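Chain residues, written in single-letter form:
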Amino acid sequence: MKKTALITGATSGIGKATAIALSNKGFRVIITGRRQDRLQSLCNQLTDCLALNFDIRDQIQVYEAIKNLPKEWSQIDLLINNAGLAAGLEPLHENLIDDWEQMIDTNIKGLLYITKIIAKQMVQRQQGQIINVSSIAGKEAYGKGAVYCATKHAVEALTKAMRIDFNPYGIKVGSVSPGAVETEFSIVRLKDPDANQKVYAGYQPLKADDIADAITYMATRPPHVNIADILILPTAQASATVFNKK
Ligand code: NDP
Ligand code: 8X3
């Protein structure tokens, strides 16, 4: 029987690439995000796809979307907690408080809301897998990124603690921690549609497909193997802030 994967934040970037990669590997996919037009157009390209349109920051929307899943979609074998963002790139005293709220509400609280509901079902069935999309920002802190780094450090802590909480139930928990990936991430962070031309100039960043590939690897290991974390960087990136730019 085909496994069902739910991928949050699949309207763009890593989430979209992961939905396509898992679908190509034979998973049924539930894709989520706020941009309904993008969800629908992606679902139209995939076999066995269901689109769920909600804002992950809204606890009620998350709960209703999962509770009201059609019966044939209600067993989720694999949860990819990918929806997330950075907002702003300034020293902490210059940050917008709204940016803090958005990052904390999405990257931490949204991840928690959806995980709680889906993990409950996995605990009952005593099987399942959860992969959290963290970041090199979850391993290192850097200037002008304090709150984003804090949210990804939280994702690291949640991943480790969830692995312990769900260990008695045979549920795999792991994370993938990318460095610089060219998606809409920097456009959103810098609030500038031309951001990618500047941010990724002079070196070759990762592509969303590179991360989808790592997630697919994690999702297709045999039952006794749990990949706990993959830190994946562009060759030109040595740490959160050290880049070999030409
Ligand atoms: P994108 O901006 O391309 O994609 C972000 C996705 O998250 C979109 O599908 C967006 O959907 C969704 N999302 C954001 N906010 C919400 C919300 N409130 N409710 C529901 N969905 C939401 O960026 P990436 O693909 O790069 O980012 C994916 C993940 O990867 C993030 O967690 C990011 O922190 C992480 N990451 C990215 C790196 C990079 O360099 N790009 C490196 C390391 C980690 P929509 O707007 O339609 O709701
Ligand atoms: C995204 C990568 O280095 O901009 O998580 O924080 S970084």
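Here, the structure is the one placed above.
Summarised in this report is the structure supplied together with it. Computed from a prediction, not measured in an experiment: that's the story for all the values here.

1. Here we look at the pairing of strand 6 (residues 172–178)
Item 1. Counting buried positions along strand 6 gives 7 out of 7 residues, so the element sits mostly inside the fold.
Item 2. Taking every second residue as pointing to the same face, both faces of strand 6 are buried, with Lys172, Gly174, Val176 and Pro178 on one and Val173, Ser175 and Ser177 on the other.
Item 3. Looking at chain direction, strand 5 (residues 129–133) and strand 6 are connected through 5 bridges and run parallel. Counterpart to Ile131 in the pairing with strand 6 is Gly174.
Item 4. Traced from strand 5 through helix 5 (residues 146–165) to strand 6, the parallel crossover comes out right-handed.
Item 5. The pairing of strand 6 with strand 9 (residues 229–232) spans 4 bridges and is classified as parallel. Within strand 9, the residue paired with Val176 across the bridge is Ile230.

2. A word on the sheet that holds strand 4 (residues 78–81)
Item 1. Strand order in the open sheet made by the 7 strands is 3-2-1-4-5-6-9, with parallel pairing throughout. The open sheet has two edge strands, strand 3 (49–53) and strand 9, and neither has a second partner. Neighbour to neighbour, the strand axes of the sheet diverge by 15 degrees on average, direction disregarded.
Item 2. In the sheet, strand 2 (residues 28–33) pairs with strand 3 via 5 bridges, with the strands oriented parallel. Residue Ile30 lies in a different strand from strand 3, and its bridge partner there is Leu50.
Item 3. Seen against the sheet, helix 4 (residues 97–125) touches strand 1 (4–7), strand 4 and strand 5 and runs at an angle of roughly 170 degrees to strand 4.

3. Considerations on the site of ligand 1
Item 1. In the vicinity of ligand 1, 29 residues are found, and the nearest of them are Thr11, Ser12, Arg34, Tyr148 and Thr183.
Item 2. Taking Arg34, its side chain carries an N or O atom lying 2.6 Å from an oxygen atom of ligand 1.
Item 3. Surface burial for ligand 1 is 96%, taken as the share of its 880 Å² of free accessible area covered by protein chains.
Item 4. Of the residues in the shell around ligand 1, the class split is 11 nonpolar, 12 polar and 6 charged.

4. Description of the layout of surface pockets
Item 1. Size it by volume and the second largest pocket reaches roughly 290 Å³.
Item 2. Lining the second largest pocket are 13 residues; nearest its centre among them are Lys3, Gln127, Gly128, Lys172 and Pro223.
Item 3. Counted by class, the lining of the second largest pocket contains 5 nonpolar, 4 polar and 4 charged residues.

5. A word on the site of ligand 2
Item 1. Near ligand 2 you find Ser135, Ile136, Ala137, Tyr142, Tyr148, Phe185 and Arg189, and these make up its full shell.
Item 2. Tyr148 places a polar side-chain atom, nitrogen or oxygen, 2.6 Å from an oxygen atom of ligand 2.
Item 3. Here Arg189 contributes a side-chain N or O atom positioned 3.4 Å from an oxygen atom of ligand 2.
Item 4. Protein chains shield 84% of the accessible area of ligand 2, which is 250 Å² for the free molecule.
Item 5. When its residues are assigned to classes, the shell around ligand 2 shows 5 nonpolar, 1 polar and 1 charged.

Parameters at a glance
Residues numbered from 1 in each chain as written. Chains lettered and ligands numbered in written order. Predicted model: local features only at pLDDT ≥ 70, side-chain atom pairs only at ≥ 80, totals over all residues. Heavy atoms only, no water. Buried < 20%, exposed > 50% of the residue type's maximum accessible area, 1.4 Å probe, protein only. Helix = DSSP H or I, 4+ residues; strand = E, 2+ residues; numbered from the N terminus. Pairing = 2+ DSSP bridges. Right-handed = clockwise from strand over helix to strand, strands pointing away. Axes fitted to C-alpha atoms, helices over the stretch in contact; angles between N-to-C directions. Contact = heavy atoms within 4.5 Å. Near = heavy atom within 4 Å. Polar contact = N/O pair within 3.5 Å; in protein donor to acceptor, adjacent residues only side chain to side chain. Areas by Shrake-Rupley, 256 points an atom, 1.4 Å probe, with all protein chains shown as cover. Nonpolar A, V, L, I, M, F, W, Y, C, P; charged D, E, K, R; others polar. 1 Å grid on protein atoms, 1.4 Å probe; cavity = no way out; pocket = protein on both sides within 12 Å on 5 of 7 lines; lining within 4 Å. Points joined across faces, edges and corners; volume = space filled by probe spheres on them.

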